[in-house]
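Coordinate analysis (summary)
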2 protein chains.
Amino acid sequence: MTASPHTSRAVTLEQPSLAAACEAIADGLEREALVTVFGRCTVDYEGRAASTLDAGDRHVMLKPDGAALVHTHEGQQPVNWQPPGCDHDVACTDETLLLESRRSTPDERLSVRFQQVLQVSAFSGTDTNELALEGTEEDLRQRILDEPALLEDGFTPLATERDTPAGAVDIYGEDASGRAVVVELKRRRVGPDAVSQLRRYVDALERDLHADAAVRGLLVAPSVTDRADRLLADHGLEFVALEPTAE
Amino acid sequence: MTASPHTSRAVTLEQPSLAAACEAIADGLEREALVTVFGRCTVDYEGRAASTLDAGDRHVMLKPDGAALVHTHEGQQPVNWQPPGCDHDVACTDETLLLESRRSTPDERLSVRFQQVLQVSAFSGTDTNELALEGTEEDLRQRILDEPALLEDGFTPLATERDTPAGAVDIYGEDASGRAVVVELKRRRVGPDAVSQLRRYVDALERDLHADAAVRGLLVAPSVTDRADRLLADHGLEFVALEPTAE
DNA sequence: CGGTTAATATCGAGA
DNA sequence: TCTCGATGTTAACCG
């Protein structure tokens, strides 16, 4: 058997009646397809916060994993959304088509009411491959472990993810003179928050070790803001400029 | 004149040839429509980092403001994307349809290569309305300014966004005995990072004021994690439980 | 533009 | 489930 409407990977209705749209959406959700609806709608959200959006033309995407996205013609981010794990429902009256995506923990609900549907689509398909990403903080860590002298001559890594009462330290090691060093990694330019984070780790480790000599704190990132640089000095912390990848 | 293919708010091609898809996409971009393409493709990104994604069925959205989104059947987030401000381009060979979205500052490029296109759509429409959101940190601030006693009897707000060397303080004020108080607001349950942030502000303000008496630090949020609670005690900071909205 | 912080952040790992 | 920290975070606001 070749492609029939129900095995085809893309099914589309243009300018359907609300009833026809409702049936197509229900069918798509049933088949665990990725369903899109474009038309004039209002949107309400209630949960961790609450929001309303008056009528306009928007693109709604319902994913089989329970995610829901409402996109306008502008912006990278959806104007409203719901995370994976929600239950999608569709219902229809004479004048309105209602899409709802709900979940509990936390209890929240997204409601999209269509006055007019211009297009409904249901997409099936296969996608077994995963994204391969490079230039991450993990790449930066590996680069330093491969060549510790990038930080300073004589630096020796002793542990990664070393646990402290304040959380896990990215790299823990010692310098040429045997002093303990806490290293905090950031893949991009850092602000004051990263300095605070490093200071927390240094404090926690000093208590843990009952160190006689103060523990050194090393912030490693491509660059640092002025304010963060001053904070580093105030807190007796150090900075080393280094990128996640060699070039 | 009523709806012709070029004035209609939604135009769709199903299972087009790559050449036909290319033409429809170019036309949609030209008309500043929201363009979607579903089909089998590979995706490459190069810019702040770099990524590759092998062939699979995905949904690509090109927005007239320059944003680009590549969605799989799973996840709330696009697997690849490009922010608003990019230039979208489409080109076609015998075997491949290439979508590219580029920008500078930073220089980055997203490339989507389709081997097969199952659907192309171009959506026009109007959406003049904006999202009305409540339950934000700003709502929490307004709630306290309206009724300072929610924090404690005798508290008097003196400034919002008061600048310090460590950044802007949410609310600065004084207590019943005239002691300086720094208030940090969070709309949801807080962890150790918020405690560090507040500690930074208190330190900065004590230096600024050359205060004889220590400045008080008040963290205001719906609740606090155990670890953050211990950090608060360690740093001599206080906590007040309060939600962004009354109910 | 950069600097800083909020967000219905999202997402994933670990306890 | 909660907690915690990374993210090509994104987005808004301010100087």
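Residues numbered from 1 in each chain as written. Chains lettered and ligands numbered in written order. Predicted model: local features only at pLDDT ≥ 70, side-chain atom pairs only at ≥ 80, totals over all residues. Heavy atoms only, no water.

A few points about the packing of aromatic side chains
Short version of the rule: The pairing test for Phe, Tyr and Trp rings, Trp by its six-membered ring, is centres within 6.5 Å, and the orientation test on the planes gives stacked under 30 degrees, edge-to-face over 60, and tilted for anything in between. Charge over a ring is defined by NZ of Lys or CZ of Arg lying within 6 Å of the ring centre and within 35 degrees of the ring normal.
Scanning all chains against the criterion turns up two aromatic pairs over all chains. Looking at arginine 200 of chain B, its charged tip hangs above the ring of tyrosine 201 of chain B, at a distance of 5.7 Å from the centre.

Quick word on the pairing of strand β7 (residues 97-103) of chain A
Residue and element names in this part refer to chain A. In plain terms, the rule: Here, any two strands with at least 2 DSSP bridges between them count as paired. Note on conventions: DSSP H or I runs of at least 4 residues are helices, E runs of at least 2 residues are strands, and numbering of each starts at the N terminus.
Pairing geometry for strand β6 (residues 87-92) and β7, over six bridges, is antiparallel. Its bridge partner being in β7, histidine 88 is matched across the sheet by serine 101. The hairpin turn running from β6 into β7, its antiparallel successor, is four residues long. Summarising the sheet, β7 and strand β8 (residues 108-123) pair through seven bridges and their orientation is antiparallel. When the sheet's bridge partners are listed, arginine 102 is paired in β8 with arginine 109.

What to know about helix α4 (residues 226-234) of chain A
Owing to its 3.6 residues per turn, the α-helix brings residues three or four apart onto one side. Residue and element names in this part refer to chain A. Our working rule: Only protein chains enter the accessibility calculation, which uses a 1.4 Å probe; a residue is then buried when its area is under 20% of its type maximum, exposed when over 50%, and partly exposed in between. To obtain the arc, one takes the directions from the helix axis to the C-beta atoms.
Listed as buried for α4 are Ala228, Leu231 and Leu232. Buried residues in α4, looked at end-on, bunch into an arc of 105°, giving them a common side. What points out from α4, more than 90 degrees from its buried face, is the exposed set Asp226, Arg230 and Ala233.

A closer look at the interface of chain B and chain A
Inclusion rule: Residues count as neighbours in contact if any of their non-hydrogen atoms are within 4.5 Å of one another. By definition, the buried area sums, over both parts, the 1.4 Å-probe accessible area that each loses when the two are put together. Just to be clear on terms, a salt bridge is a Lys or Arg side-chain nitrogen sitting within 4 Å of an Asp or Glu carboxyl oxygen. Whenever two N or O atoms come within 3.5 Å, that pair is a polar contact, provided that in protein one can donate a hydrogen and the other can accept it, and provided that, for residues adjacent in sequence, both atoms are side-chain atoms.
Counting residues at the interface gives 71 residues for chain B, matched by 68 residues for chain A. Interface area, chain B with chain A, both sides summed: about 5,600 Å², of which 48% is carbon and sulfur. Looking only at chain B, the three residues that lose the most surface to chain A are Arg9, His73 and Gln76 of chain B, adding up to 12% of its buried area. Linking chain B to chain A there are seven salt bridges. The salt bridge partner of aspartate 234 of chain B is arginine 207 of chain A, with a shortest N-O separation of 3.5 Å. In this assembly, chain B and chain A are joined by 37 residue pairs in polar contact (both at pLDDT 80 or more). In terms of residue count, the dominant contributor to the side of chain B that touches chain A is strand β3 (residues 50-62) of chain B (11 residues). Where strand β3 (residues 50-62) of chain A and strand β9 (residues 132-134) of chain B come together, three bridges link them in antiparallel fashion.

Details of the sheet that holds strand β13 (residues 216-221) of chain B
Residue and element names in this part refer to chain B. How we decide: For helices, the fitted axis covers only the stretch in contact; all axes are lines through C-alpha atoms, and the angles between them, taken along N-to-C directions, range from 0 to 180 degrees.
The strand order β10-β11-β12-β13-β14 describes an open sheet built from five strands, whose pairing is mixed. Edge positions in the open sheet fall to β10 (156-164) and β14 (238-241), since each of these has one partner strand only. Along the sheet, successive strands turn relative to each other by an average axial angle of 30°, direction set aside. Here five bridges tie strand β12 (residues 180-185) to β13, and the two strands are oriented parallel to one another. Among the inter-strand pairings, valine 183 is bridged to a residue of β13, identified as leucine 218. Packing of helix α3 (residues 192-209) onto the sheet brings it into contact with β10, β11 (167-174), β12 and β13, and relative to β12 it is tilted by some 155°.

Considering the environment of threonine 93 of chain B
In this fold, threonine 93 of chain B is placed in the loop between β6 (87-92) and β7 (97-103). Considered as a pair, threonine 93 of chain B and leucine 18 of chain B are 75 residues apart in the sequence and their alpha carbons are 8.1 Å apart.

Examining the domain arrangement of chain A
Accessible area lost when the parts come together is the quantity often used to give the size of an interface. Operational definition: How far each domain reaches was decided by an automatic or database domain assignment.
Looking at the assigned domains, one finds that chain A contains domain 1 (10-123) and domain 2 (137-241). Here the C-alpha centre of domain 2 of chain A lies 46 Å away from the C-alpha centre of domain 1 of chain A.

Observations concerning the sheet that holds strand β12 (residues 180-185) of chain A
All names here are of chain A. With mixed pairing, five strands are arranged side by side in an open sheet as β10-β11-β12-β13-β14. If you trace the sheet from one side to the other, it starts and ends with β10 (156-164) and β14 (238-241), each paired once. Pairwise comparison of adjacent strand axes, ignoring direction, gives a mean angle of 30° for this sheet.

Details of the side chain of glutamine 197 of chain A
All names here are of chain A. Tracing the sequence through the fold places glutamine 197 in helix α3 (residues 192-209). Residue class for glutamine 197 comes out buried when judged on its relative accessible area of 19%. For glutamine 197, the contacting residues outside a window of four places in its chain are Glu184 and Lys186.

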